[in-house]
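Understanding the architecture of this molecule
Here is how the chains run, residue by residue.
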Amino acid sequence: MTRPDQHGTTKASPPETNIRVATLSDLDALGSLFVAFFAEDGISTEQGAIRVNLDRMLRDDRACFYVAETEAGIVGMSSGSLTFGVEFGCAAEVEDLYVAPRFRGRGFARMLMNRVLQWAGEQGASEIILVITAEAERTQGLTRFYEGFGFSNSQRITMYQSALRSAPPTSTSQSTRR
């Protein structure tokens, strides 16, 4: 689609974009976006696990998922989830925000982020948390982008355990072997 500017020069109009709630019928498109997203950010999650986790998240009332859709299809997504703790009460985490590289710079990430922030507010979240991978910061400088939404570095350290243990270790455990 084109339109003339004030000087009569014809420029391409931005594609019509629909930011909407993701549905289960979006699983394939979202799966493809996540594979690209994780590769770009240095995250190693198997494709099968991505699909299982997407399906579960799309069905969970404690989570939200939005997509940016143009005539080219789904070109971006954002998601969030709720948690509850003593320190903050109800808090939300911006889980994911990704726009396919060829569609960046058109405001899609900002629109998708605003939808997650709006959802978090509607859920009564008193705090909103997000994690930036070292790779994403190095290649995209995302801290600055998120600061534009009012986020600041919490100076906390984020740690992960890749699998839950069956029971936490105790200092009083003794072997019952004879």
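Let me begin by describing the structure that accompanies this report. Within each chain, residues carry numbers counting from 1 in the order of the written sequence. The predicted origin of the model limits local features to residues at a pLDDT of at least 70 and limits the giving and counting of side-chain atom pairs to 80 or more, whereas totals for whole chains, interfaces and linings rest on all residues. With hydrogens and water stripped out, all remaining heavy atoms of the structure feed into the side-chain values.

Secondary structure counts use DSSP, requiring at least four H or I residues in a row for a helix and at least two E residues in a row for a strand, with both numbered from the N terminus. For the chain, the count of helices and strands is 5 helices and 7 strands. For the chain, the sequential pattern of α-helices and β-strands runs β-β-β-α-α-β-β-β-α-β-α-α. Going through the 178 residues of the chain one by one, you find that 32% of them count as buried. Entry remark: accessible area of the chain is about 12300 Å², with carbon and sulfur atoms responsible for 50%. Summary of the burial criterion: residues with accessible area below 20% of their type's maximum are buried, those above 50% are exposed, and those between are partly exposed, where the area comes from a 1.4 Å probe applied to protein chains only. Here the accessible surface of atoms and residues is derived via Shrake-Rupley with a 1.4 Å probe, and residues count as covered only by protein chains that are part of the display.

Moving on, we come to the sheet that holds strand 7 (residues 127-130). Overall, mixed pairing links the 5 strands, which are arranged 3-4-5-6-7 in an open sheet. Looking at the sheet topology across the chains shown, the edges are occupied by strand 3 (18-21) and strand 7. Along the sheet, successive strands turn relative to each other by an average axial angle of 25°, direction set aside. As paired strands, strand 6 (residues 89-99) and strand 7 are joined by 4 bridges and run parallel to one another. Counterpart to Glu-93 in the pairing with strand 7 is Ile-129. Only strands that DSSP links by at least two bridges are regarded as paired with each other. Between the N-to-C directions of two axes lies an angle of 0 to 180 degrees, each axis being a line fitted to C-alpha atoms and, for a helix, fitted only over the stretch in contact.

Here helix 1 (residues 27-41) spans 20 Å end to end across 15 residues, near enough to the 21 Å set by a 1.5 Å rise per residue. Taken residue by residue, helix 1 has Leu-27, Leu-30, Gly-31, Leu-33, Phe-34, Phe-37, Phe-38 and Asp-41 as its buried positions. Seen along its axis, helix 1 keeps its buried residues to an arc of 165°; they face one direction. With respect to the buried face of helix 1, the exposed residues turned more than 90 degrees away are Asp-28, Ser-32 and Ala-39. Helices are assigned an expected span. That span is 1.5 Å times one less than the residue count. An arc is given here, and it is the one of the directions from the helix axis to the C-beta atoms.

Looking now at the nonpolar core. Here is a general trend for soluble globular proteins: nonpolar side chains tend to be buried in one another's company. Definition used in this section: a nonpolar core is a set of buried Ala, Val, Leu, Ile, Met, Phe, Trp, Tyr and Cys residues joined via side-chain atoms within 4.5 Å. If you look at the biggest cluster of nonpolar residues, it comprises 41 residues, and the most contacted ones within it are Leu-30, Phe-34, Phe-65, Met-77, Met-113 and Phe-151. Elements represented by at least two residues in this core include exactly helix 1, helix 2 (47-59), strand 4 (63-70), strand 5 (73-85), strand 6, helix 3 (108-122) and helix 5 (142-147). Considering each element in turn, this core owes the most residues, 7 residues, to helix 3. Contacts were defined at the residue level, with two residues in contact if any of their heavy atoms lie within 4.5 Å. Each residue touching Met-113, except ones within four places of it in the same chain, is listed here: Val-94, Leu-97, Leu-130, Tyr-146, Phe-149 and Phe-151.

Here we take up the side chain of Ser-81. Summarising the element assignment, Ser-81 is placed in strand 5. Owing to a relative accessible area of 16%, Ser-81 belongs among the buried residues under this scheme. A polar contact is formed between the side chain of Ser-81 and the side chain of Glu-95, at a distance of 2.5 Å. With residues near it in sequence (within four places) discarded, Ser-81 still touches Arg-62, Ala-63, Ala-91, Ala-92, Glu-93, Glu-95 and Trp-119. In protein, a polar contact means a hydrogen-donor-capable atom and an acceptor-capable atom, both N or O and within 3.5 Å, with residues adjacent in sequence counting only if both atoms are side-chain atoms; elsewhere, any N or O pair within 3.5 Å suffices.

Our focus in this paragraph is helix 3. With 15 residues, helix 3 extends 21 Å from end C-alpha to end C-alpha; this agrees with the ideal 21 Å at 1.5 Å per step. Within the span of helix 3, buried status applies to Phe-108, Leu-112, Met-113, Val-116, Leu-117, Trp-119 and Ala-120. Across the axial projection of helix 3, the buried residues extend over an arc of 165°, all falling on one side. The outward face of helix 3, more than 90 degrees from its buried face, is lined by the exposed residues Gly-121 and Glu-122. The inward-facing, buried residues of helix 3 contact strand 3, strand 4, strand 5, strand 6, strand 7 and helix 5.

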